[in-house]
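What the coordinates show
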Amino acid sequence: MNENIFELHELDELKASYNLMDERLDGQEIVSDEQLREAMYRKFADIRQNAKEALIWGDLIFVPAMAWWAWTYSRLTLLGIIILGVYWVASLIFRFVILRRTKKEDYGSYDLKTLVEKEADYSKNVKYFGIISAVVLLVFFLQMFIGISGKAVIIFIVMALILMVPVLIRWLIIKFKYNGKAIDPATGQPRKLGGKVASIIGYTLFAVAGCLFVVATVMGMIETGIGWLTLLKGINGLTLIIASAVLLLGALHKRGKITVSRRLLVILAIIAIALSASVAGIATLNGIAELTKLTVSTLMSIAGFSALGLEMHRMRKD
Amino acid sequence: MKEIELEFTKLVREYRKTIYTVCYFFSDNPTDVEDLFQEVLVNLWKGFAKFRGESSPKTWIWRVSLNTCCNIERGKKRNVPTIPLVIDKGVMSDSDEGGKQIKMLYDRINRLELFDRAIILLWLESMRYDEIGAIVGLSTAAVTSRLFRIKEQLKSMSN
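Residues numbered from 1 in each chain as written. Chains lettered and ligands numbered in written order. Predicted model: local features only at pLDDT ≥ 70, side-chain atom pairs only at ≥ 80, totals over all residues.

1. A few points about the overall build of chain B
- Regarding its fold elements, chain B presents 8 helices and 0 strands.
- When the helices and strands of chain B are placed in sequence order, the string is α-α-α-α-α-α-α-α.
- Of all 159 residues assigned to chain B, the portion counted as buried reaches 40%.
- Across chain B, every contact between residues at least 6 apart in sequence was considered, and the portion connecting residues at least 24 apart equals 66%. (Helix = DSSP H or I, 4+ residues; strand = E, 2+ residues; numbered from the N terminus. Buried ≥ 20, exposed ≤ 12 C-beta atoms within 10 Å, placed from the backbone. Contact = placed C-beta atoms within 7 Å.)

Encoded structure:
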């Protein structure tokens with residue numbers, strides 16, 4: 001009995017303190033206009049989000065480019081390209097399905113227990129995927145670079161690193177010019193100047209990276225004496241990868257796992273078909289019968305994959 | 001300002017005390033409160049468009065605030081720049097008797113595990129057990145037994 005009275009008294013005291021705090025907060029404004037603006041416009045200016053997107057797109061573009069490069073220099077066996085292809089598809093599935101499923105975009109949709117479980121899953125997935133990616137890519141690079149000329153390798157590495165520069169520039173501008181504040185307190189809008197400057201620099205750097213890639217490719221071809229035939233075969237492989245991506249993204253969109261714009265799929269399909277048709281044209285004009293046959297069958301596969309992907313995209317019921 | 005932004009501003013201003021209270025009990029110092037407050041605002045805004053009133057605004061605000069604070073305190077990661085709150089610093093100081101009482105409450109609750117902290121705050125807010133269960137993801141029976149254990153723990157702190 002005494003115990004119960006004591007407990008009630010203790011808990012009443014806690015409740016009284018809580019109510020007192022509530023009363024004291026009554027007259028306080030607490031939240032400022034600046035805080036509200038920062039919250040509402042932050043999603044447009046989130047540097048971390050930009051960096052994450054850059055990494056995802058970097059992975060999407062970088063792996064096929066790497067495969068093409070390796071194929072061109074005969075640094076990649078059929079087994080190698082299958083392994084890389086599997087890795088690439090796995091990374092797509094990981095990023096667009098598993099991570100999205102465990103991502104806590106809306107904190108109001110889950111109860112606390114579920115959120116904690118999801119967060120634990122998310123961290124675990126990111127950690128394991130990071131380790132696996134690092135090992136796969138490291139082994140791949142090591143085996144690929146053996147025997148390739150130093151100059152071409154350096155250009156290739158610079159080209160890859162340069163893709164991260166726009167994000168870094170934007171971060172530096174906001175960090176040092178605006179003391180880390182991505183929102184202009186006077187207008188409540190994201191920093192226009194920073195964004196504009198960063199995009200100009202970004203496009204320039206992408207162009208430089210593209211040029212370097214071409215230079216590295218040509219240098220490598222001259223040095224290793226590998227002709228256009230291998231390059232054309234490499235392009236054929238790339239087109240198949242792009243078409244497979246259209247199919248995969250279309251299927252995921254249909255199942256509601258991701259949302260992809262139809263325009264993106266159409267653009268990818270057009271790129272794949274145009275590249276493959278060019279290869280077929282070049283092969284026919286040069287009388288390379290074997291490649292012509294191969295490319296025609298590739299072209300048909302690409303058309304089939306793309307059509308199927310686009311059809312699946314259309315079938316989603318929203 | 002767009003209509004949705006006006007609605008959001010109105011809702012946040014209405015429930016500012018709730019958000020502040022959660023941040024206060026999940027923080028280690030005043031700067032932490034400001035950081036947490038900003039993170040909660042960001043997450044409220046992210047989810048505001050999807051919030052269709054399936055639950056009451058009060059329950060939704062509690063859920064987002066608790067989820068954000070628990071999650072951040074677990075990882076101790078800060079994503080936003082600190083913006084000072086518009087609050088009289090004297091309100092929460094322990095210079096008078098009332099302030100000391102609030103400090104005592106803070107000291108006790110702050111020693112609990114994050115999950116228990118969330119449950120006891122909802123209990124102090126006089127929420128029903130089923131409402132508490134819906135926010136933290138436990139059955140009513142589990143909330144009852146957990147609250148009993150938390151109260152025992154709080155009691156032992158005073159001894």
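2. Examining the overall build of chain A
- Summing up its helical and strand segments, chain A has 11 helices and 0 strands in all.
- Across chain A, helices and strands are ordered from the amino to the carboxyl terminus as α-α-α-α-α-α-α-α-α-α-α.
- When each of the 318 residues of chain A is scored for burial, the buried share is 25%.
- Counting contacts in chain A only where the partners sit at least 6 residues apart, residues at least 24 apart contribute 76% of the total.

3. Description of the interface of chain A and chain B
- Listed as interface residues are 40 residues of chain A and, on the opposing side, 51 residues of chain B.
- The set of elements that each furnish at least two residues to the side of chain A that touches chain B consists of α1 (2–25), α2 (33–41) and α5 (112–145) of chain A.
- Considered class by class, the residues forming the side of chain A that touches chain B number 16 nonpolar, 7 polar and 17 charged. (Nonpolar A, V, L, I, M, F, W, Y, C, P; charged D, E, K, R; others polar.)

4. Some points on α2(A)
- Of all the residues in α2(A), the buried ones are Gln35(A), Leu36(A), Arg37(A), Glu38(A), Ala39(A) and Met40(A).
- In this structure, the buried residues of α2(A) make contact with α1 (3–14) and α3 (30–48) of chain B.

5. What about the confidence of the model for chain A?
Residues and elements named next belong to chain A.
- Predicted confidence across chain A gives a mean pLDDT of 70, with 50% of residues reaching 70 or more.
- Within chain A, the lowest mean pLDDT, 55, falls on helix α6 (residues 150–162), and the highest, 84, falls on helix α10 (residues 262–285).
- Here residues 1–6 is modelled with pLDDT under 50, and outside its nearest four sequence neighbours on either side it reaches 0 contacts, counting other chains as well. (pLDDT = per-residue confidence, 0-100.)

6. A look at the packing of helix α2 (residues 16–25) of chain B against α3(B)
All names here are of chain B.
- Two numbers describe how α2 lies on α3: the axes approach to 9 Å, and their chain directions differ by 130°. One finds that α2 runs oblique with respect to α3. Classified by chirality, the crossing of α3 by α2 is right-handed. Facing Ile19, Tyr20, Cys23 and Tyr24 of α2, the residues of α3 in contact are Val33, Leu36, Phe37 and Val40.
- For the contact of α2 with α3, a count of residues per class yields 8 nonpolar, no polar and no charged. (Axes fitted to C-alpha atoms, helices over the stretch in contact; angles between N-to-C directions. Parallel < 35°, antiparallel > 145°, perpendicular 65-115°, else oblique. Left-handed = near helix turned anticlockwise from the far one by under 90°.)

7. What to know about unusual backbone geometry
- A positive phi angle, close to 60°, is found at Ile30(A), a residue other than glycine.
- At Ser126(B), a residue that is not glycine, the phi angle is positive and equals roughly 65°.
- As for its position among the elements, Ser126(B) is in the loop between α6 (114–124) and α7 (129–136).

8. Considering α10(A)
- With 24 residues, α10(A) extends 34 Å between its outermost C-alpha atoms, agreeing within 8% with the 34 Å of an ideal straight helix rising 1.5 Å per residue.
- Gly287(A) occupies a position one or two residues after α10(A) and carries a positive phi of about 65°. (Expected span 1.5 Å × (residues − 1).)

9. A word on the environment of Ala307(A)
- Note on placement: Ala307(A) falls in helix α11 (residues 289–315).
- C-beta crowding within 10 Å serves as the criterion here: with 15 such atoms nearby, Ala307(A) is assigned to the partly exposed category.

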